[in-house]
Amino acid sequence: MTEGRPSRRVERPTLRVTIVTDDRVVYDGLAESVSAPATLGMVTILPLHVCFITTLEPGELTVRWQGEASYYAISGGFLEVRDNEVTILGDTVERAEEIDVARAEAARQRAEVLVHTARGRPEYLAGLQALRRSRARLRVAQRVRR
Ligand code: ATP
């Protein structure tokens, strides 16, 4: 019989997530999970994750909270997890809604030309990185423009 017993609601642990660049705070709030493009592959952080630190590559960040997902393009950076706190320091980060698609498309085209014409020259690597940034932005922008 359970009548009269005090209810024992178990609080589900959550993550506190901060996403910053050197000039702004992009996200500061709670989350059920965070997915990020770590250098060794995509990682998804859930509450109670062990302490963890990784570098990030150009790609897509996803923050999930109360059934909603928010999407961000990141051009690289660091992610640290400690005591249910996730801190992401991005070189550049844009929310999906902020991405200027025409600009990203122009950047992608410039980078493709560079990658095809500068092989063996120092600009080649810069072209590859620019290509990865622009592709990430275009992919993330699609999340809110379908
Ligand atoms: P571009 O050649 O278009 O400047 P980029 O990859 O060289 O692209 P970054 O140096 O990574 O640009 O970013 C410079 C600043 O512009 C950052 O603040 C970044 O958030 C912002 N930014 C870059 N591309 C876009 C975009 N397509 N939409 C919105 N903001 C962007």
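Once a new chain begins, its residue numbering starts again from 1 and follows that chain's sequence as written. Selection of residues for local features in this predicted model requires a pLDDT of at least 70, selection of side-chain atom pairs for listing and counting requires 80 or more, and totals for whole chains, interfaces and linings are taken over all residues.

Glancing now at helix H2 (residues 123-142). Spanning 20 residues, H2 covers 29 Å between terminal C-alpha atoms, matching the ideal 28 Å at 1.5 Å per step. Burial in H2 covers these residues: Gly127, Ala130, Arg133, Ser134, Ala136, Arg137, Val140 and Ala141. Note on contacts: each residue gets a C-beta atom placed from the backbone, and two residues are in contact if those atoms are within 7 Å. Under the scheme used here, helices are H or I runs from DSSP no shorter than 4 residues and strands are E runs no shorter than 2 residues, and both carry numbers assigned from the N terminus. Lining the buried residues of H2 we find strand E6 (59-65), strand E7 (68-74), strand E10 (93-95) and helix H1 (101-117). A helix is expected to span 1.5 Å multiplied by its residue count minus one. Counting other C-beta atoms within 10 Å of each residue's C-beta, where C-beta atoms are placed from the backbone, gives the exposure class: buried for 20 or more, exposed for 12 or fewer, partly exposed between.

By the secondary structure assignment, Leu125 is in helix H2. Placed 72 residues apart in sequence, Leu125 and Ile53 show a C-alpha to C-alpha distance of 25 Å.

Moving on, we get to the domain arrangement of the protein. Throughout, the edges of the domains are those of an automatic or database domain assignment. Structurally, the protein comprises domain 1 (15-96) and domain 2 (98-142). Centre-to-centre separation of domain 1 and domain 2, based on C-alpha positions: 23 Å. With ten residues of domain 1 at the contact, the number on the domain 2 side is nine residues. Here the element with the most residues in the side of domain 1 that touches domain 2 is E7; it accounts for three residues. In terms of residue class, the side of domain 1 that touches domain 2 is built from five nonpolar, two polar and three charged. Each residue receives one of three labels: charged for Asp, Glu, Lys and Arg, nonpolar for Ala, Val, Leu, Ile, Met, Phe, Trp, Tyr, Cys and Pro, and polar for the others, Gly being one of them.

Axis angles are defined between N-to-C directions and span 0 to 180 degrees, where every axis is a line fitted to C-alpha atoms and, for a helix, only to the segment in contact. Interhelical geometry of H1 versus H2 gives an angle of 150° and a closest axis separation of 8 Å. If you check the angle between H1 and H2, you find them roughly antiparallel. Of the two possible hands of crossing, H1 and H2 adopt the one that is left-handed. Of the residues in H2, those touching H1 at Val101, Ala104, Glu105, Ala107, Arg108, Ala111, Glu112, Leu114 and Val115 are Glu123, Tyr124, Gly127, Leu128, Ala130, Leu131, Ser134, Arg135, Arg137, Leu138 and Ala141. The residue makeup of the contact of H1 with H2, split by class, is twelve nonpolar, two polar and six charged. Angle categories are assigned with fixed cut-offs, so that under 35 degrees is roughly parallel, over 145 is roughly antiparallel, 65 to 115 is roughly perpendicular, and the rest are oblique. Each helix crossing is assigned a hand: it is left-handed if the near helix lies turned anticlockwise from the far helix by less than a right angle, otherwise right-handed if that turn is clockwise.

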